[in-house]
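Chains, contacts and geometry: an overview
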Amino acid sequence: MKELVFLLEEESAKAMLQELLPRFLDPGVHPRLIAFEGKQDLEKQIVKRMRGYANPNARFIVLRDQDSAPDCRKIKAKLKRLCANAGRAAVTLVRIACRELEAFYLADLQAVESALGLSGLLRHQNAARFRDVDRVENPSHELTRLTKGAYQKVSGSRRLGQHLSIDNERSASFRNLIAGVRRMEQELLLLPNSH
């Protein structure tokens, strides 16, 4: 089976991807979403999980938030080392959500309006603080404030996954995630079909 395995920091990323991936992923590629209980749990279990994964046709995407860490390159390097320790470096992509997953949502306030049944948010899209959403210090707090509490982490992420524009360019980390998923999808589609 041509499988794209996502190793995710938390349940909200899983909820969002469960809705987003079927909207553009080729039906011949099967996504598997594994959510951990935070970044420490992800880092603690990643080697064992990857090493023990039996499917030789699997490709892996590791997604975690940057949060307050000053340098996302250090986080990425650490995760890449763990993937290499698991013997999976060649078939793994590491992506960091700059600051938090919610930056993806702030980059697409039209989707937030649609998903949460709100209006008037889109007018904020070109405000100075949303021009570079990957630099917003605390995106989840900003999103909660903007939606007056209507956004809830898991249920909101699930609903947003149905509405996010896959072609949105306002968040570089979202754009890089989608580009990476598409690249891994193409790699899998080029593999011969096993019977």
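Before any of the text, the structure's been laid out above.
The sections below set out a description of the structure shown in this document. Just so you know, these numbers come straight off a predicted model, no measurement behind them.

Quick notes on the overall build of the chain
Summing up its helical and strand segments, the chain has eight helices and four strands in all. In terms of overall dimensions, the chain has C-alpha extents of about 50 × 35 × 25 Å along its principal axes. The 195 residues of the chain split such that 53% are buried. Measuring between centres, the 33 positive side-chain charges of the chain sit 3 Å from its 24 negative side-chain charges.

Description of the pattern of salt bridges
Applying the stated criterion across every chain, the model contains 12 salt bridges. For Asp132, the salt bridge goes to Arg135, with nearest N and O atoms at 2.9 Å. When its relative accessible area of 35% is taken as the criterion, Asp132 is described as partly exposed. In this structure, Glu169 engages Arg175 in a salt bridge whose closest nitrogen and oxygen atoms are separated by 3.6 Å. Taken together, the shared-partner salt bridges connect Glu9, Lys39 and Asp67 into one network.

Focus on the nonpolar core
Counting 42 residues, the largest nonpolar core has Leu4, Phe6, Leu17, Leu20, Tyr105 and Val181 as the members making the most contacts within it. When contributions to this core are tallied by element, the ones reaching two or more residues are β1 (3-8), α1 (11-20), β3 (59-65), β4 (92-97), α4 (102-106), α5 (109-116), α6 (139-146) and α8 (172-190). When residues in this core are grouped by element, the largest group, six residues, is from α8. In contact with Leu20, not counting residues within four places along its chain, are Gly161, Leu164, Ile166, Phe174 and Ile178. In terms of nonpolar packing, the next biggest core, distinct from the first, is built from 20 residues, Leu7, Ile34, Ala58 and Ala86 among them.

Regarding the packing of aromatic side chains
For any pair of aromatic rings, the description rests on two quantities: the centre-to-centre distance and the angle between the ring planes. Summed over the entire model, instances satisfying the criterion amount to three aromatic pairs. Considering the side-chain rings of Tyr53 and Phe60, the 5.5 Å spacing of their centres and the 80° angle between planes classify their relative orientation as edge-to-face. Each member of the pair, Tyr53 as well as Phe60, is classed as buried.

Reading the values: rules and limits
- Residues numbered from 1 in each chain as written.
- Predicted model: local features only at pLDDT ≥ 70, side-chain atom pairs only at ≥ 80, totals over all residues.
- Heavy atoms only, no water.
- Helix = DSSP H or I, 4+ residues; strand = E, 2+ residues; numbered from the N terminus.
- Buried < 20%, exposed > 50% of the residue type's maximum accessible area, 1.4 Å probe, protein only.
- Lys, Arg positive; Asp, Glu negative; His and termini not counted.
- Charge placed at Lys NZ, Arg CZ, Asp CG, Glu CD.
- Salt bridge = Lys/Arg side-chain N within 4 Å of Asp/Glu carboxyl O.
- Core = buried A, V, L, I, M, F, W, Y, C linked by side-chain atoms within 4.5 Å.
- Contact = heavy atoms within 4.5 Å.
- Phe/Tyr/Trp six-rings, centres within 6.5 Å; stacked < 30°, edge-to-face > 60°.

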